[in-house]
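Letter by letter, the chains look like this.
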Amino acid sequence: MMLSMFLPLFLATSFSVPTMPEAEWDDTEVVTNAVLPTARADSRVFAFLLELDATASNNVEVAFGRDADHDGGLSRGEADMLVGWDCGEWKVVDCATGDEVIEQGTEGRVTLDWRLEFNAADVPRSLSVTASGNPAFAALAANPPRFLYSPEWDTFRVVCRGMDSPNPVISGSIENIPLAIRIR
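Just so it is clear, the model here is predicted, and its values are computed rather than measured. (Residues numbered from 1 in each chain as written. Predicted model: local features only at pLDDT ≥ 70, side-chain atom pairs only at ≥ 80, totals over all residues. Heavy atoms only, no water.)

Overview of the layout of surface pockets
In this structure, the largest pocket encloses a volume near 320 Å³. With three residues, strand β12 (residues 155–162) is the largest single contributor of residues to the lining of the largest pocket. (1 Å grid on protein atoms, 1.4 Å probe; cavity = no way out; pocket = protein on both sides within 12 Å on 5 of 7 lines; lining within 4 Å. Points joined across faces, edges and corners; volume = space filled by probe spheres on them. Helix = DSSP H or I, 4+ residues; strand = E, 2+ residues; numbered from the N terminus.)

Observations regarding unusual backbone geometry
Glycine aside, negative phi is the norm for most residues, and most peptide bonds take the trans geometry. The phi dihedral of C87 falls on the positive side, at around 50 degrees, and the residue is not glycine. Secondary-structure assignment places C87 in the loop between β6 (79–86) and β7 (89–94). Residues other than glycine seldom take positive phi values, yet F137 does so here, at roughly 55 degrees. Residue position: F137 is located in the loop between β11 (134–135) and α1 (138–142).

Quick look at the pairing of strand β9 (residues 108–118)
Looking at chain direction, strand β4 (residues 45–54) and β9 are connected through ten bridges and run antiparallel. By the bridge assignment, A47 is partnered in β9 with R115. Inspection of the sheet shows β9 paired to strand β10 (residues 124–131) by seven bridges, in the antiparallel sense. Across the sheet, E117 pairs through a bridge with S126, a residue of β10. Counting the residues between successive antiparallel strands, the hairpin from β9 to β10 contains five residues, one of them, D122, with a positive phi of roughly 65 degrees. (Pairing = 2+ DSSP bridges.)

Things to note about the sheet that holds β12
The strand order across the open sheet formed by six strands is β3-β12-β5-β6-β7-β8, and the pairing between neighbours is antiparallel. The outermost strands of the open sheet, each flanked by one partner alone, are β3 (30–35) and β8 (100–104). Strand-to-strand twist across the sheet, computed as the mean angle between neighbouring axes with direction ignored, equals 15 degrees. Judged from the six bridges that link them, β6 and β7 form a sheet pairing that is antiparallel. Residue pairing in the sheet places G84 in a bridge with K91 of β7. (Axes fitted to C-alpha atoms, helices over the stretch in contact; angles between N-to-C directions.)

Notes on the packing of aromatic side chains
As enumerated under the stated definition, the model contains eleven aromatic pairs in all. Considering the side-chain rings of W85 and W90, the 5.3 Å spacing of their centres and the 75 degrees angle between planes classify their relative orientation as edge-to-face. Comparing W85 with W90, the two get one shared label, buried. Taken together, a centroid distance of 5.7 Å and an interplanar angle of 65 degrees make the contact between Y149 and W153 edge-to-face. There is no split in this pair, since Y149 and W153 are both buried. The rings of F46, F48, F64, W114, F118, Y149, W153 and F156 are connected pair by pair, giving a single aromatic cluster. (Phe/Tyr/Trp six-rings, centres within 6.5 Å; stacked < 30°, edge-to-face > 60°. Buried < 20%, exposed > 50% of the residue type's maximum accessible area, 1.4 Å probe, protein only.)

Things to note about the environment of E152
Looking at where E152 falls in the secondary structure, it is placed in the loop between α1 and β12. Classification of E152 by relative accessible area gives exposed; the value is 53%. Placed 116 residues apart in sequence, E152 and L36 show a C-alpha to C-alpha distance of 9.9 Å.

Purely geometric numbers; function is a separate question.
So, in structure tokens, the structure goes:
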């Protein structure tokens, strides 16, 4: 007889973006900022899901960073990492250097599923990214760079642009790695 016990992710902190407002100006840009929950000392996973109606003419960017001036918004200078859809391509940007990693995307209702595991020193150990179920960003996953996560992050900014509304849904969590116990 084998007994298995799985301790669920009750130690996770989650985040999401409420429905984006309608664009007020002809440039179609809409911006919102939200609080990123504080990571627990035993957190080891940063995960998020970005779902949108992707077209060759729209854009959704999610930037993560620390609101250093405490104005409630994440300015370009405060962002460390940007992930998003930009006119037919997925991208990840190191905001400090401007370096981008690009993956070709497909149009339609798409999802980017991101899971980064890091160690007790907050150094990335492994990255798993899928774009609509297909592996993505293999170069980043092979050797996840430090800019992909910081426990100092407290804010994220979402920017949407384009003539076609992307209808984004963004959610995520900062969590511990679940514990599984098997007794034989």
